[in-house]
Amino acid sequence: MLAPIALFVYNRPQHTRKTLTALEANPLAEESDLYIFSDGPKSANDIDIVNQVRSLIREPWKFKHIYIIERAQNKGLANSIIDGVSQVIQKHGRIIVLEDDLETSPFALQYFNDALDRYEDEERVMEISGYMYPVERPKSLQQSFFFRVANSWGWATWERAWKHFNPDIEELTKDFKRKDRKAFSVDGTENFWKQVQQFKAGKINSWAIRWYLSIFNQQGLVLYPRRSFIQNTGTDGSGTHSDVDQVYRVELSTKPVQRFPSVIQEDPTAYAAIKHFYKHRKGTFFERLARFLEKKINAYKAKKSKIS
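Rules of the game
Residues numbered from 1 in each chain as written. Predicted model: local features only at pLDDT ≥ 70, side-chain atom pairs only at ≥ 80, totals over all residues. Heavy atoms only, no water. Helix = DSSP H or I, 4+ residues; strand = E, 2+ residues; numbered from the N terminus. Rg over C-alpha atoms; globule rule 2.2 N^0.38 Å. Buried < 20%, exposed > 50% of the residue type's maximum accessible area, 1.4 Å probe, protein only. Areas by Shrake-Rupley, 256 points an atom, 1.4 Å probe, with all protein chains shown as cover. Pairing = 2+ DSSP bridges. Axes fitted to C-alpha atoms, helices over the stretch in contact; angles between N-to-C directions. Contact = heavy atoms within 4.5 Å. Phe/Tyr/Trp six-rings, centres within 6.5 Å; stacked < 30°, edge-to-face > 60°. Lys NZ or Arg CZ within 6 Å of the ring centre and 35° of its normal.

Let's talk about the overall build of the protein
Part 1 of the argument: For the protein, the helix and strand inventory stands at 11 helices and 10 strands.
Part 2 of the argument: Here the C-alpha atoms of the protein give a radius of gyration of 19 Å, agreeing with the 19 Å that 2.2 N^0.38 yields for 308 residues.
Part 3 of the argument: Principal axes of the C-alpha set define a box for the protein whose edges measure 55 × 50 × 40 Å.
Part 4 of the argument: Across the 308 residues in the protein, those meeting the buried criterion constitute 49%.
Part 5 of the argument: Accessible area of the protein: about 15900 Å², with a carbon and sulfur share of 48%.

As structure tokens, then:
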């Protein structure tokens, strides 16, 4: 039984086409159900571009069945994903989740479905991540492994795991101690706790940080592949929550995963490799300065282009 795919789209027709084209190239696509959730426009200015996306998703894409859910109002990404995932997973018991800026390897659907079958009854395994960070010396890692952090760039899960998702950030963090914050942030190398604080302050509205908190509180684990099956094409500045950033660029896997871990525990070698990536991903001071200046220049050019 292949897992249904939920694709969340909004106002990026070029990205959406690229995502659907790559997904369609998966051999299992024609046997898979696809649910496409199209969020409503935020304002009158967004109506035309949203309609472009809605026209595009109605083209004859090669999937078993395509179900299109068009939101009359703008729910926002977080609410749209929470509602959409809950809706599909209640019906099917499992799900593969993609957004409109995620390009898949031709072996992505096989990886997700194989892993969903393999760990269906393993309560501690709560998510299958399709993305893998561009760590140094990836050949030192197993073909797939367990890591604590939930990833939102192409993932899959089961109803048994999603039932633990809690949208209440205060409830999720009420028992957090200093040592928990350190473990949650991978020894302080990634800003996950900062995201929690930003959410509480109303600066961001992230479903993903709440999903990670939900997994962390259950002492859950996430399966990762050694080679990424997902490329995020939205780090070009087009997304609501992303800037121009090449740090997370990867080469998509050209082979399926043939070996999955039999022991359900976090892989220490993978933990060290990802921790090193988190710690050094921003580069030297001069590399960070160059990216900052590039971002400012691009923002100025974009502003000038709109004025003209």
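So, the sheet that holds strand 3 (residues 65–70)
Part 1 of the argument: With respect to topology, eight strands assemble into an open sheet ordered 3-2-1-4-8-6-9-7, the strand pairing being mixed. Two strands in the sheet have a free side with no partner beyond their single neighbour: strand 3 and strand 7 (144–147). Within the sheet, the average angular offset between the axes of one strand and its neighbour, ignoring direction, is 25°.
Part 2 of the argument: Bridge analysis of strand 1 (residues 5–9) against strand 2 (residues 33–38) gives five bridges, and the strand direction is parallel. The partner of Leu7 across the bridge, within strand 2, is Ile36.
Part 3 of the argument: Set on the sheet, helix 1 (residues 13–24) makes contact with strand 1, strand 2 and strand 4 (94–99); between it and strand 1 the angle comes to about 165°.
Part 4 of the argument: Along the sheet, helix 4 (residues 108–118) makes contact with strand 1, strand 4, strand 6 (125–129), strand 8 (155–158) and strand 9 (221–225), crossing strand 4 at roughly 150°.

What to know about the packing of aromatic side chains
Part 1 of the argument: Under the criterion given, the structure shown has 34 aromatic pairs.
Part 2 of the argument: Summarising the aromatic geometry, the rings of Phe165 and Trp211 are spaced 6.4 Å apart at their centres and angled 55° between planes, so their arrangement reads as tilted. Linking Phe165 in the loop between helix 5 (159–162) and helix 6 (169–173) with Trp211 in helix 9 (residues 207–217), this pair joins segments that are 46 residues apart in sequence. For the pair shown, Phe165 and Trp211 are each scored as buried.
Part 3 of the argument: One Lys or Arg, Lys91, reaches over the ring of Tyr67 and ends 5.5 Å from the middle of that ring.
Part 4 of the argument: Sitting over the ring of Trp158, Arg160 keeps its end group 4.2 Å from the ring centre.

Describing unusual backbone geometry
Most peptide bonds take the trans form, and the phi angle of most residues other than glycine is negative.
Part 1 of the argument: Of note, the phi angle at Arg137 is positive, near 50°, even though the residue is not glycine.
Part 2 of the argument: Topologically, Arg137 is positioned in the loop between strand 6 and strand 7.
Part 3 of the argument: Owing to a relative accessible area of 64%, Arg137 belongs among the exposed residues under this scheme.
Part 4 of the argument: Even without glycine at this site, Asp187 takes up a positive phi of about 60°.

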